[in-house]
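# Close look at the chain arrangement
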Amino acid sequence: MEKMEEEESVNLQHNPNQRKRGGLITIPFILGNESFERLSSYGLLPNMIFYLMRDYRVGVTKGASIIFIWNAASNFMPILGAFFSDSFLGRYFTIALGSIFSFLGTVLLWLTAMIPQAKPPPCNVATGSCETPTSGQMALLLSSMALVSIGAGGVRPCSLAFGADQLDNRANPKNERLLESFFGWYYASTSVSVVIALTAVVYIQDHHGWKIGFGVPAILMFLAVVMFIIASPLFIKKKASKSLLTGLVQVLVVAFKNRKVPFPADGKYHVAKNSESISPTENLRFLNKACIITNSEQDLAADGSTLKPWNLCTVEQVEELKALIRVMPIWSSGIMMSISTSQGTFQLLQASSMDRHLTSKFQIPAGTFPVFLVLAMALWIILYDRAILPLASKIKGKQVRISVKLRMGLGLIISCIAMMTGGIVENVRRRKAIEEGYLNNGYAVVKMSAFWLAPQFCLSGIAEALNAIGQTEFYYTELPKSMSSIAGALFGLGMAVASLLASVILNAVDDITSKGGKDGWVPDNINKGHYDNYYWLFAIMGCINLLYFVLCCWAYGPCKEQITKVSDGGNGYKEEEELSIRRILNQD
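Here is a short report on the structure shown in this document. (Residues numbered from 1 in each chain as written. Predicted model: local features only at pLDDT ≥ 70, side-chain atom pairs only at ≥ 80, totals over all residues. Heavy atoms only, no water.)

## Here we look at the overall build of the chain
- Each helix and strand in the chain was counted, giving 20 helices and two strands.
- For the chain, with 588 residues in total, the buried portion stands at 50%.
- Summarising the internal contacts of the chain: among those between residues at least 6 apart in sequence, 80% fall at separations of at least 24.
- Within the structure as shown, the chain displays about 27300 Å² of accessible surface, and the carbon and sulfur contribution to it stands at 64%. (Helix = DSSP H or I, 4+ residues; strand = E, 2+ residues; numbered from the N terminus. Buried < 20%, exposed > 50% of the residue type's maximum accessible area, 1.4 Å probe, protein only. Contact = heavy atoms within 4.5 Å. Areas by Shrake-Rupley, 256 points an atom, 1.4 Å probe, with all protein chains shown as cover.)

Below, the structure is given as structure tokens:
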């Protein structure tokens, strides 16, 4: 932060009359808002399966499905949030509304713990009977989750770019170093927030109950809302502009309208002013009809711009849609890995039935174990960037870089190994539970350390670091610069689809394996189930998906980085500086 302050002081010396709004004074409010939102939402997720099962009498299959759908909504809403931000509201109002929705959601969830009538009464110990939740009680619970997801959709897609707006509106070009410092602080603060959520907030829920455990996230979101609104006069608030998604839809609509229009004999299409493109490419040729000029008098202005964008598109719009369609097969191959890494609910149930003691008096909460995934991911990124690549370059005597496709493929392989590891560990745990006489007691703690689950979490973290970062880099390098917002949203969309598919797979497995009155693979009693077979199913599906990924890579052909290397004589890669966030800034 000191470096950032020094850079801004230099900017002030060079330009003392710069605008009063924006600047470093706004950064703590933006980082604080984003961090509190992450801390709140991630703090609610780990133990939610226990809250559903114990307080709402929801079975493990239904509870996991609810969490999968909640995850899907939380990953899909940022895409809608980005659309509304770009098209209507602007970044400030999108973040503000998102923060308010998230606060209302956490308060509503806290009320379900505080108000006895908001959930089923405790089970009758004498008769052993338990009431199921009413429609109103479930509606209240699901509404709180929906509000939290809407809040995430408002805050997460806009905070980074909004913070960059505050620092990018400077006359001095040297402020690029200031922006770089901000990006580092942003990712560091969000990562720390997730770690604190998985440790401190989960610990509070385990040791002080749901009333305090859900109250803490509500207080954090209240602080986030107040802090962000108080700082409103300090912010630079850029107006909303036309959304790129609208432009892509326009191509489809106009291409359909012009489906019977013949291609121009002279090969001339509508090209935007100052564009480098002259004519569209021949692949997906039917889309080229969207940029055919059918009536120049009605559709074109005097300066050559489009008067009716729903009747005529530019070559650039067409090529943007083509680029998006071209990356979709490889995008779909990453969904399987997201499905595998989203199985944390079952790992939590495993951890709760194993010995979690660090010392004789202190044990780690079951909901804290996903922190191994986060730490493994962070450690791998650091080692890869600071140790593995420099060492390999030193040994070979030239710059070494693992291609983006290879990194994605390695991530898929390690994800399969993680599922295999999970299956082996669960098989051993279940056998121990049966040997100790706990077949009918799924809540009993077996004499086996829960730290045997750490390898699966760590492997999943490394897999995500390789595949997820590889995917994001692939989208940013392969899609045009104007599509940076979509490139940043594609991975989140994949996670949303993965959560929905995970719910479908879970219910299908439960229905098939529990036919004839059997316990099935995923019953409420973990010791009567076969969670190991469930993990092995995902391992097999992951191996099939790996073959699909290889086929998609072959069909896609060489990436831009490979073409660049060939054009550079094979002497190394011409790195694209400011890979992601600079492209976001270039839209403004």
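After that view of the structure, there is still more to cover.
## Considering the packing of aromatic side chains
- Tallying each qualifying case throughout the model produces 25 aromatic pairs.
- Measuring from ring centre to ring centre gives 5.6 Å for Phe-83 and Phe-84, while their planes differ by 75°; the resulting arrangement is edge-to-face.
- Its relative accessible area of 23% is what places Phe-83 among the partly exposed residues.
- Judged by centre distance (5.1 Å) and plane angle (35°), the rings of Phe-228 and Phe-235 are tilted.
- In textbook terms, an aromatic cluster arises when at least three aromatic residues are bridged by ring pairs, as seen for Tyr-92, Phe-93, Phe-162, Phe-228 and Phe-235.
- Cation over ring: Arg-259 sits above Phe-256, and NZ or CZ is 4.1 Å from the ring centre. (Phe/Tyr/Trp six-rings, centres within 6.5 Å; stacked < 30°, edge-to-face > 60°. Lys NZ or Arg CZ within 6 Å of the ring centre and 35° of its normal.)

## Structural notes on the packing of helix H3 (residues 48-55) against helix H13 (residues 344-352)
- Between H3 and H13, the least distance of the axes is 9 Å, while the angle of their chain directions is 75°. The angle between the axes of H3 and H13 places the two elements in the roughly perpendicular class. Residue-level contacts link Ile-49, Phe-50 and Met-53 of H3 to Thr-345, Leu-348, Leu-349 and Ser-352 of H13.
- Here the residues of the contact of H3 with H13 are counted per class, giving five nonpolar, two polar and no charged. (Axes fitted to C-alpha atoms, helices over the stretch in contact; angles between N-to-C directions. Parallel < 35°, antiparallel > 145°, perpendicular 65-115°, else oblique. Nonpolar A, V, L, I, M, F, W, Y, C, P; charged D, E, K, R; others polar.)

## So, a nonpolar patch on the surface
- On the surface, Phe-76, Leu-80, Phe-84, Phe-88, Leu-89, Phe-93, Leu-97, Ile-100, Phe-101, Leu-104, Ile-150 and Ile-229 cluster together into a nonpolar patch covering about 1000 Å² of accessible area.
- Listing elements by their share of the nonpolar patch, those giving two or more residues are helix H4 (60-89) and helix H5 (91-114).
- Looking at the secondary structure, you find Leu-97 in helix H5. (Patch = residues over 30% accessible without salt bridge, like charges linked within 9 Å, V, L, I, M, F, W, Y side chains within 5 Å. Salt bridge = Lys/Arg side-chain N within 4 Å of Asp/Glu carboxyl O.)

## With respect to the pattern of salt bridges
- The full count for this structure, using the stated rule, is eleven salt bridges.
- Arg-386 is paired through a salt bridge with Asp-385; the nearest N and O atoms lie 3.4 Å apart.
- The exposed category is assigned to Arg-386, whose relative accessible area is 67%.
- The class of Asp-385 is partly exposed, set by a relative accessible area of 42%.

## Let's talk about unusual backbone geometry
- Phi is positive for Arg-57, close to 55°, though the residue is something other than glycine.
- Positive phi values are uncommon outside glycine, yet Leu-284 reaches one of about 50°.
- Within the secondary structure layout, Leu-284 lies in the loop between helix H9 (244-257) and helix H10 (296-299).

## A short note on helix H14 (residues 371-396)
- In this model H14 runs 36 Å from its N-terminal to its C-terminal C-alpha over 26 residues, within 8% of the 38 Å that 1.5 Å per residue would give.
- Tyr-384 marks the point of greatest bend in H14, at about 45°.
- Of the residues making up H14, those classed as buried are Val-371, Leu-373, Val-374, Ala-376, Met-377, Tyr-384, Leu-389 and Ser-393.
- Directly after H14, the chain includes Gly-397, whose backbone phi takes a positive value near 80°. (Expected span 1.5 Å × (residues − 1). Bend = angle between axes of the 7 residues up to and from the residue.)

## What to know about the state of the cysteines
- Taken as a whole, this structure holds one disulfide when the rule is applied.
- What pairs with Cys-123 in a disulfide is Cys-130, and their sulfur atoms sit 1.9 Å apart. Looking down the S-S bond of the Cys-123 and Cys-130 bridge, the torsion is 115°, so its handedness is right-handed.
- A residue is classified by how much of its surface remains accessible, and Cys-130, at 42% relative accessible area, is partly exposed.
- Considering cysteine sulfurs only, Cys-543 is the nearest to Cys-416, which forms no disulfide, with 4.1 Å between them.
- By relative accessible area, Cys-416 is classed as buried at 6%. (Disulfide = S-S within 2.5 Å.)

## With respect to the nonpolar core
- One finds Met-48, Tyr-51, Phe-346 and Phe-474 to be the most contacted residues of the largest nonpolar core, which totals 96 residues.
- Per-element tally for this core: the top contributor is helix H18 (residues 531-556), with nine residues.
- Every residue in contact with Met-48, bar those within four places of it in the chain, is listed here: Ile-67, Trp-70, Leu-109, Met-145 and Phe-214. (Core = buried A, V, L, I, M, F, W, Y, C linked by side-chain atoms within 4.5 Å.)

## Side note on the side chain of Thr-94
- Mapped onto the elements, Thr-94 comes out in helix H5.
- Apart from the residues lying within four places of it in its own chain, the contact partners of Thr-94 are Gly-81, Phe-84, Ser-85, Leu-89, Gly-154 and Cys-158.

## Looking at the pairing of strand E2 (residues 446-449)
- Residues Val-446 and Met-448 line the buried face of E2, whereas the alternating positions Lys-447 and Ser-449 sit on a face that is not buried.
- Judged from the two bridges that link them, strand E1 (residues 354-355) and E2 form a sheet pairing that is parallel. Within E2, the position partnered with Met-354 by the bridge is Val-446. (Pairing = 2+ DSSP bridges.)

## Remarks on helix H16 (residues 454-478)
- Between its first and last C-alpha, H16 extends 35 Å over 25 residues, near the 36 Å set by a 1.5 Å rise per residue.
- Counting buried positions along H16 yields 19 of 25 residues, so the element is predominantly enclosed.

## Focus: the environment of Phe-286
- The residue Phe-286 is located in the loop between H9 and H10 in this model.
- In sequence terms Phe-286 and Arg-259 are 27 residues apart; their C-alpha atoms lie 7.5 Å from each other.

## Some words on the environment of Asn-288
- Summarising the element assignment, Asn-288 is placed in the loop between H9 and H10.
- With 30 residues separating them along the chain, Asn-288 and Val-318 place their C-alpha atoms 6.6 Å apart.

## Quick word on the side chain of Ser-144
- Mapping Ser-144 onto the fold places it in helix H6 (residues 135-155).
- Owing to a relative accessible area of 1%, Ser-144 belongs among the buried residues under this scheme.
- In this structure, Ser-144 is in contact with Gly-105, Leu-108 and Leu-109, ignoring residues within four places of it in sequence.

## Quick notes on the environment of Gly-529
- Here Gly-529 is to be found in the loop between helix H17 (484-513) and H18.
- Residues Gly-529 and Leu-439, spaced 90 residues apart in sequence, show a C-alpha to C-alpha distance of 9.6 Å.
- Excluding anything up to four places from it in sequence, Gly-529 contacts Arg-430, Gly-520, Trp-521 and Pro-523.

## Details of the packing of H4 against H5
- As a packed pair, H4 and H5 sit with axes 8 Å apart at the nearest point and diverge in direction by 135°. Considering the angle they form, H4 stands oblique to H5. Considering how the two elements wind past one another, H4 and H5 form a crossing that is right-handed. The residues of H5 that touch H4, namely those facing Gly-81, Phe-84, Ser-85 and Leu-89, are Arg-91, Phe-93, Thr-94 and Leu-97.
- Residues belonging to the contact of H4 with H5 are distributed by class as follows: four nonpolar, three polar and one charged. (Left-handed = near helix turned anticlockwise from the far one by under 90°.)

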